[in-house]
Amino acid sequence: MKNDEKINLVIQGEKTREELIYNNVIRNLHLSNADEVKYLKGKVNTLEDELKTRMMYTFILIFAFVTLSFGVILLAFDLYLLGIILIFSTFAFVVVKLILHFRSHLKNVQNDEFSKVDELKELLEKKLK
């Protein structure tokens, strides 16, 4: 959406800021019900992916902390070879897992089909501040 385009901000009986923004996006872009559903499904999928990513990062963080701590304990008990192997393998696992995740995430980049809707939402949010 171009910055020089006019945005008609209509305030009716909306109770929340999110309702106001949503209703104005629908009015200004003249989206059909099918387009609204498609947009909202895309948003739900994006939120589910973000939640899954957060859970994966939490799991990796806890796993790395526990195994690195165990590796340090092995080093403290003079089991140098086992401790060093465990520490390096944990580090390698975390790095490989993150690289694979970032590669798959780049392939699933959000499509630009509804970029105009997102731009209009941002403009409306700026106007409401």
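Rules used in this analysis
- Residues numbered from 1 in each chain as written.
- Predicted model: local features only at pLDDT ≥ 70, side-chain atom pairs only at ≥ 80, totals over all residues.
- Heavy atoms only, no water.
- Core = buried A, V, L, I, M, F, W, Y, C linked by side-chain atoms within 4.5 Å.
- Buried < 20%, exposed > 50% of the residue type's maximum accessible area, 1.4 Å probe, protein only.
- Helix = DSSP H or I, 4+ residues; strand = E, 2+ residues; numbered from the N terminus.
- Contact = heavy atoms within 4.5 Å.
- Polar contact = N/O pair within 3.5 Å; in protein donor to acceptor, adjacent residues only side chain to side chain.
- Axes fitted to C-alpha atoms, helices over the stretch in contact; angles between N-to-C directions.
- Parallel < 35°, antiparallel > 145°, perpendicular 65-115°, else oblique.
- Left-handed = near helix turned anticlockwise from the far one by under 90°.
- Nonpolar A, V, L, I, M, F, W, Y, C, P; charged D, E, K, R; others polar.

Caption draft 1: Structural detail: the nonpolar core. Counting residues in each nonpolar core, the largest one holds nine residues, listed as Ile-21, Val-25, Ile-26, Leu-29, Leu-31, Tyr-39, Val-117, Leu-120 and Leu-124. If you list the elements that add at least two residues to this core, you get α1 (17-29) and α4 (115-128). Here this core gets four residues from one element, more than from any other, and that element is α1. Non-local contacts of Val-117, meaning those with residues more than four positions away in its chain, are made with Val-25, Leu-29, Leu-31 and Tyr-39.

Caption draft 2: View of the side chain of Thr-53. Locating Thr-53 in the fold gives a position in helix α2 (residues 33-76). What makes Thr-53 buried here is its relative accessible area of 18%. Among the polar contacts made by the side chain of Thr-53, one reaches the main-chain carbonyl oxygen of Asp-49 at a distance of 2.8 Å.

Caption draft 3: Layout of the packing of α1 against α4. Across the interface, α1 lies against α4 with an axial gap of 10 Å and an inter-helix angle of 130°. Comparing their axes, α4 and α1 come out oblique. Note on packing geometry: the crossing formed by α1 with α4 is right-handed. Contacts between α1 and α4 involve Arg-17, Leu-20, Ile-21, Asn-24, Val-25, Asn-28 and Leu-29 on the former and, on the latter, Lys-116, Val-117, Leu-120, Lys-121, Leu-124, Glu-125 and Leu-128. For the contact of α1 with α4, the residue count by class is eight nonpolar, two polar and four charged.

Remember that the coordinates give geometry; whether it matters functionally is a separate question.
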